[in-house]
Amino acid sequence: MPNFHILKPFAGENIFLCFGKLMVGPRWLYLFTTFLLIVVPLVWFISRIVLDVFHLIHMSIWVFLAIDVVVVLVSLGLTAFTDPGIIPRNPANVRNGKIMRPIPYVYKIYFYLKWCDTCQRYRTPCSSHCRICNNCVERFDHHCPWLGTCIGIRNYRSFVVFVFSVFLLSISIFGLCGYVLVKGWSELSDMQRFMDFAHENVVGFVLCLYCLSASVFTGGLFTFHVHLIMKNITTHDYINAKFEHLPNPFDMGALKNCTSRLCTTPPPSLVVKEGYLVPEDVHPEEMFNYGGLYPQQTQLV
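Residues numbered from 1 in each chain as written. Predicted model: local features only at pLDDT ≥ 70, side-chain atom pairs only at ≥ 80, totals over all residues. Heavy atoms only, no water.

## Considerations on the packing of helix 5 (residues 202-231) against helix 7 (residues 254-262)
In plain terms, the rule: Throughout, an axis means a line fitted to C-alpha atoms (over the contacting stretch in the case of helices), and angles, computed between N-to-C directions, take values from 0 to 180 degrees. Note on conventions: DSSP H or I runs of at least 4 residues are helices, E runs of at least 2 residues are strands, and numbering of each starts at the N terminus. Note that the term roughly parallel is reserved for angles under 35 degrees, roughly antiparallel for angles over 145, roughly perpendicular for angles of 65 to 115, and oblique for everything else. The contact criterion used is simple: two residues touch if any of their non-hydrogen atoms lie within 4.5 Å. Gly is put with the polar residues, along with every residue not named as nonpolar or charged; the nonpolar set is Ala, Val, Leu, Ile, Met, Phe, Trp, Tyr, Cys and Pro, and the charged set is Asp, Glu, Lys and Arg.
Following both chains from N to C, one finds helix 5 and helix 7 inclined at 110°, their axes separated by 7 Å at the closest point. Considering the angle they form, helix 5 stands roughly perpendicular to helix 7. Residues L228, I229, M230 and K231 of helix 5 lie in contact with helix 7, whose contacting residues are A254, N257, C258, R261 and L262. Broken down by class, the residue content of the contact of helix 5 with helix 7 amounts to six nonpolar, one polar and two charged.

So, in structure tokens, the structure goes:
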């Protein structure tokens, strides 16, 4: 591991917690709201449904549900409290107003790098500046309004796991509530009993509608991100049609794309509470590639 020194004080909008060990986005209330949207229905489900039908459902279903809940909460925490891949501001190649423009060469395609006035640096081909967090983020996907933070190279994998696990949790609760309601309906003999049953099981009806809506949303979102992963592009690239009329130099085939996005170790964070970290042995012409996305296939020309 290289030695690091502080480049300059941190200037973004992110908030540090636990003496700088954790980082959260500036809109942390959105994260708290999302947490409540998950935990409150879950507690409601356990207290009003599970205790009544626990003996009717096979134990393996409850074990799967418990594991899924743990995965949801852990992936939520990893996504929300991890540095998404913030790139240091004002690197050493900006001196006396003379700008050295690096030109990355990726798979036989030259990229014209955009200058970021806020961060005073050239952006790498897959990075973008988030106006909410006020930082350039490597392999910027999007700013998630549900988690109040950016999704980038360092927390994209946990974000995908979070979306998929919430989808599984929603489908599971919807199925169990539906089973309870259908079983209750089948035992009714007249309309009066049906009205009494509906009044007694209003929680089940509400949870069914809530989880059905959540499963449709998260299922569609997960499918969309699977499509992006297979093509090795980001949400930002897709919205801006970055490779609509140009070949995508990062597309290595579906299998390798999935491996590179989901199975590789993310680069180390370059941000601490005191400021931006910079390896002491990095040369000025290498400053643009702090995200570590192109260590092998990029060269300066």
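## A look at helix 1 (residues 28-53)
Our working definition: Helix span, as expected, comes to 1.5 Å for every residue beyond the first. Relative accessibility under 20% of the residue-type maximum defines a buried residue, over 50% an exposed one, and the middle range a partly exposed one, all with a 1.4 Å probe and only protein chains included.
Its 26 residues give helix 1 an end-to-end C-alpha distance of 37 Å, which sits within 8% of 38 Å, the value for a rise of 1.5 Å per residue. Along helix 1, the residues that are buried comprise L31, T34, I38, P41, L42, F45, I49, V50 and V53.

## A look at the packing of aromatic side chains
Here is the rule we go by: Two aromatic rings, drawn from Phe, Tyr or Trp (for Trp, its six-membered ring), form a pair once their centres lie within 6.5 Å of each other, and the interplanar angle then sorts them: stacked below 30 degrees, edge-to-face above 60, tilted otherwise.
Applying the stated criterion across every chain, the model contains three aromatic pairs. Plain terms: the ring middles of W146 and F217 are 5.7 Å apart, the flat faces sit at 55° to each other, and that makes the pair tilted. In this pair, W146 sits in the loop between strand 12 (142-144) and strand 13 (149-151) while F217 sits in helix 5, placing the two residues 71 residues apart along the sequence. A relative accessible area of 43% means that W146 is categorised as partly exposed. Aromatic side chains F224 and Y238 sit 5.2 Å apart centroid to centroid with 80° between the ring planes, which places their arrangement in the edge-to-face category. One end of the pair, F224, is in helix 5; the other, Y238, is in helix 6 (residues 235-239), with 14 residues separating them in the sequence. The exposure class assigned to F224 is partly exposed, which follows from its relative accessible area of 24%.

## What to know about the side chain of S128
What counts, and what does not: Each polar contact in these results corresponds to two N or O atoms within 3.5 Å; when the atoms are within protein, one needs to be able to donate a hydrogen and the other to accept it, and residues that are neighboring in sequence are counted only if both atoms are side-chain atoms.
Following the sequence through the fold, S128 ends up in strand 10 (residues 128-130). A polar contact is formed between the side chain of S128 and the side chain of H236, at a distance of 3.5 Å. Among residues more than four places away in sequence, those in contact with S128 are R123, N135, C136, V137, F140 and H236.

## Considering the nonpolar core
Our working definition: We call a set of buried Ala, Val, Leu, Ile, Met, Phe, Trp, Tyr and Cys residues a nonpolar core when their side-chain atoms join them within 4.5 Å.
One finds F45, W62 and F162 to be the most contacted residues of the largest nonpolar core, which totals 35 residues. Elements with a contribution of two residues or more to this core: helix 1, helix 2 (59-80), helix 3 (156-186) and helix 5. Among the elements that take part in this core, helix 3 stands out by supplying 12 residues, more than any other. Other than its neighbours up to four places away in sequence, W62 contacts F45, V50, V53, F54, I57 and L176.

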